[in-house]
Amino acid sequence: MAKGVKKIKWARTGRVISNMSVPNKKVVIYPDQEVSFEIESWYNDTTEEEKKKNVTWILQEAKTKKEIAKKLMLSSAPKFVSIPKNLCGPYEYYLEASLSGKRDFYNETGLIIRGDCPPKIISSKWCSTNNGDDVRKTNFFSYGEKIYLNLKTEGLNGHLNLSIDVFRRITLGTNVSIRRYVNVAVIDGEINLEINNSYNWYSAIKNKKEVEEFYVQVFDPVNRTYITDNNNDTEHARFLRVKNNIASMEVKPPVNLSPLKVGEPDKNYMSYKYCKYTTIKMNDKLLFDESKLVKGQSLSRYINIHLFAGGNEKNKNIKIELGEKIPGKCENHKGQVFDITDLQKQGIQNPQKISRNAFSFENNFKYKYENDYIEFFKNYILPVPAAEALVPLATCGYQHILDIKINPDVAWAYHFQYDKPDGGYFRDIKVTLQNGLKEELDYSKKYIAQFIKYAFNIQIDFINQAIADLIVFYLESSADHFGFGIHAYHTFDENQRKPAVIMDYTEKYKWIARTIILTCVILSVLVDALIIYLTRGKGSLTKIGKVVSAVDKYGNKIAIMGKRKGFELIAPKITSYRAQYFEKQPDGRIAFIWFTIRRQTYFGNYNYKSNRNRYSI
């Protein structure tokens, strides 16, 4: 026989937000005011005498039913509840009345209660210990030190998936975001974040100052907005000061350190709410399983779905399915559990809603800017994904965000060759390399002749021109040895060997290769000069002889002879390339590959008085 309180209700005292409340299930109240609750009905077998007895009002944590407080009162007296602004937010309480003093785990005799107010950041501080003194004005941190951030909030209590963006303050220019911390929790109205990887900030900052200043912005990924303060400002915790010094190179994940003021942290993370999903599947892969939460596995709000649109994975249909236990069947969600709008906006191919519990899309995207090499470089230089979308999943029990990234089948290769070796191309795909400086050197001949005339006071133009020709030929012969190219390859076949498109950046922008080749020629001239100095001129005779024999248009008008004597340095034939691309690994992970291949045939010297001597390195 069932006895006791069957249901409680709002007693019409205090302000309730009706459009967020659910009759007989949940009451959402305004902050900082008392709202009353009373017994609505009793089980039929409860006697009139029992109804006059005292009842125990029990306040609990809604998700785990953990007891927070209880109070014995007259059954006819209302129970008043007040929630301050700092405890308003997604965090929910459960209130029930019990005749026996024990909680009812089988029937929903109580009501879910939470407070709601506009989300705000009320105060902020940077500390050297968890929730310690504000040291913004007294302390200079170093990169690699542990740094503690404290933010006091309103309307955010219970959030587990906020993001904190750290910005570098730029005095003249646009402030730059250098790091994003995700899955940041708000517990008891506070954010207390332990930052253990400030060393990573060091590499993200260019043109470092002696002291850098930083601040944060707090991002709500569900509503896709930045949280403001009372001045409607999104910039908080101004300013953390960090001097240009490395204290430690240790890097660890950030830690939420907000204290749980009621009892110890619960090891059971499973939600007992009716509106929820129990699993998330991507094709045959299980991304989320509620049963693991019972065993103490913590809940990560972000689920990363990283795909590779290449090889036999391209155009593959990806299906996301929620294993249901009535997801979305409540007044809050009304069947709307996910939103695929962002998939469509970001250009991911063929997104479709299959049912209220499932949607799909194709693992592909359309390359943009193929005729605009600069924009193509900006959008597809690796390891940036080609398309990225966030799909929030919202139920009363669980809220996840699917971070979907599609990585392109684009590859970038940078080739460098010396002395025109055979082969040595990325994936054996032969491409055109830019070599030589003929146009530039032909243009400079007359200026070189004029320089010789005035620098050395040679008044015979014929001699000036001959010397200029010799210099240009020497530089041309040096420049012809070097080859350089930058290429982008994309839309490969299933074996990832043959691309449909090759974009030649050094053909489009010739100055890139010519700058590299000119630098190499200058280095080559310096090496020749060093050889002349070290060999007392003997090492130069061969090269001079070759230059003279090639310049024969002057006939007998000028007699310049070079006798092959001494030795000639024989440099190796070198081919080198650096490549970067994405590749799917045997275990299913997507790896970013970046490597350099260098090959050379031999290195030695040629002695005109003896045999060749070669040795490989």
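1. Some thoughts on the overall build of the protein
Inference 1: Within the protein, the regular secondary structure consists of 10 helices and 35 strands.
Inference 2: The buried share of the protein, reckoned over its 617 residues, is 45%.
Inference 3: Within the protein, contacts between residues separated by at least 24 positions form 68% of all contacts whose residues are at least 6 apart in sequence.
Inference 4: Here the protein has roughly 33,200 Å² of accessible surface; of this, 51% comes from carbon and sulfur atoms.

2. Side note on the sheet that holds strand S26 (residues 399-407)
Inference 1: The strand order across the open sheet built from 3 strands is S21-S26-S25, with neighbouring strands paired in mixed fashion. Strand pairing shows two members of the sheet lacking a second neighbour, strand S21 (302-308) and strand S25 (387-394), which therefore form its edges. Recorded for the sheet is a direction-independent mean angle of 15° between the axes of neighbouring strands.
Inference 2: Where S21 lies against S26, 7 bridges are found, and the strand directions are parallel. The residue of S26 that forms the bridge with leucine 307 is isoleucine 406.

3. Focus on unusual backbone geometry
Inference 1: The peptide bond linking arginine 238 to phenylalanine 239 adopts the cis configuration, its omega dihedral lying at -5°.
Inference 2: The topology assignment puts phenylalanine 239 in strand S17 (residues 236-246).

4. Brief notes about the nonpolar core
Inference 1: Formed by 57 residues in total, the largest nonpolar core has its most connected members in Ile320, Leu343, Phe359, Phe361, Phe376 and Leu402.
Inference 2: Considering each element in turn, this core owes the most residues, 5 residues, to strand S29 (residues 482-492).
Inference 3: Of the domains in this structure, domain 3 (276-372) and domain 4 (411-601) are the two that each give at least three residues to this core.
Inference 4: Discounting residues that sit within four places of it in the chain, phenylalanine 359 has contacts with Ile318, Lys319, Ile320, Phe338, Ile340, Leu343, Gln352, Lys353, Ile354, Val391 and Leu402.
Inference 5: Within the second largest apolar cluster, 28 residues are counted, among which are Ile121, Trp126, Val166 and Leu240.

5. What about the sheet that holds strand S7 (residues 93-98)?
Inference 1: Pairing within the open sheet is mixed, and its 5 strands lie in the order S2-S8-S7-S4-S5. The open sheet has two edge strands with one neighbour each: strand S2 (26-29) and strand S5 (67-74). In this sheet, adjacent strand axes meet at a mean angle of 25° when their direction is disregarded.
Inference 2: Sheet topology note: the strand S4 (residues 54-61)/S5 ladder contains 7 bridges and is antiparallel. Looking at S5, one finds that isoleucine 58 is bridged to lysine 70.

6. Overview of helix H5 (residues 373-380)
Inference 1: Among the residues of H5, those classed as buried are Tyr373, Phe376 and Tyr380. Seen from one end, H5 has its buried residues packed into an arc of 60°, which puts them on one side.
Inference 2: Structurally, H5 contributes buried residues whose contacts are with strand S27 (411-418), S29, strand S30 (499-504) and helix H8 (505-508).

7. Observations regarding the pairing of strand S19 (residues 276-282)
One face of the sheet, then the other: side chains in a regular strand alternate in exactly this way.
Inference 1: Most of S19 sits out of view: 6 of its 7 residues are buried.
Inference 2: Looking at chain direction, S19 and strand S20 (residues 285-289) are connected through 4 bridges and run antiparallel. Paired with isoleucine 280 across the bridge in S20 is phenylalanine 288.
Inference 3: Once S19 ends, the chain turns through 2 residues before running back antiparallel as S20, passing asparagine 283 with a positive phi of about 50°.

8. A look at the pairing of S7
Inference 1: The buried fraction of S7 amounts to 6 of the 6 residues, a majority that puts the element mostly inside the structure.
Inference 2: Here S7 shows no split at all, with Tyr93, Leu95 and Ala97 on one side and Tyr94, Glu96 and Ser98 on the other all buried.
Inference 3: Looking at chain direction, S4 and S7 are connected through 6 bridges and run antiparallel. Each bridged residue has a counterpart across the sheet, and for isoleucine 58 the counterpart in S7 is glutamate 96.
Inference 4: In terms of strand pairing, S7 meets strand S8 (residues 111-115) through 3 bridges, oriented antiparallel.

9. Re the pattern of salt bridges
Inference 1: Counted according to the given criterion, the structure contains 22 salt bridges.
Inference 2: Notably, a salt bridge pairs glutamate 213 with arginine 169, separated by 2.5 Å at the nearest N-O pair. With glutamate 213 in strand S15 (residues 211-220) and arginine 169 in the loop between strand S12 (162-168) and strand S13 (176-184), the pair connects residues that are 44 residues apart, well separated along the chain.
Inference 3: The network of salt bridges with shared partners includes Glu67, Lys70 and Arg103.

Parameters at a glance
Residues numbered from 1 in each chain as written. Predicted model: local features only at pLDDT ≥ 70, side-chain atom pairs only at ≥ 80, totals over all residues. Heavy atoms only, no water. Helix = DSSP H or I, 4+ residues; strand = E, 2+ residues; numbered from the N terminus. Buried < 20%, exposed > 50% of the residue type's maximum accessible area, 1.4 Å probe, protein only. Contact = heavy atoms within 4.5 Å. Areas by Shrake-Rupley, 256 points an atom, 1.4 Å probe, with all protein chains shown as cover. Pairing = 2+ DSSP bridges. Axes fitted to C-alpha atoms, helices over the stretch in contact; angles between N-to-C directions. Core = buried A, V, L, I, M, F, W, Y, C linked by side-chain atoms within 4.5 Å. Domains from an automatic or database assignment. Arc of directions from axis to C-beta. Salt bridge = Lys/Arg side-chain N within 4 Å of Asp/Glu carboxyl O.

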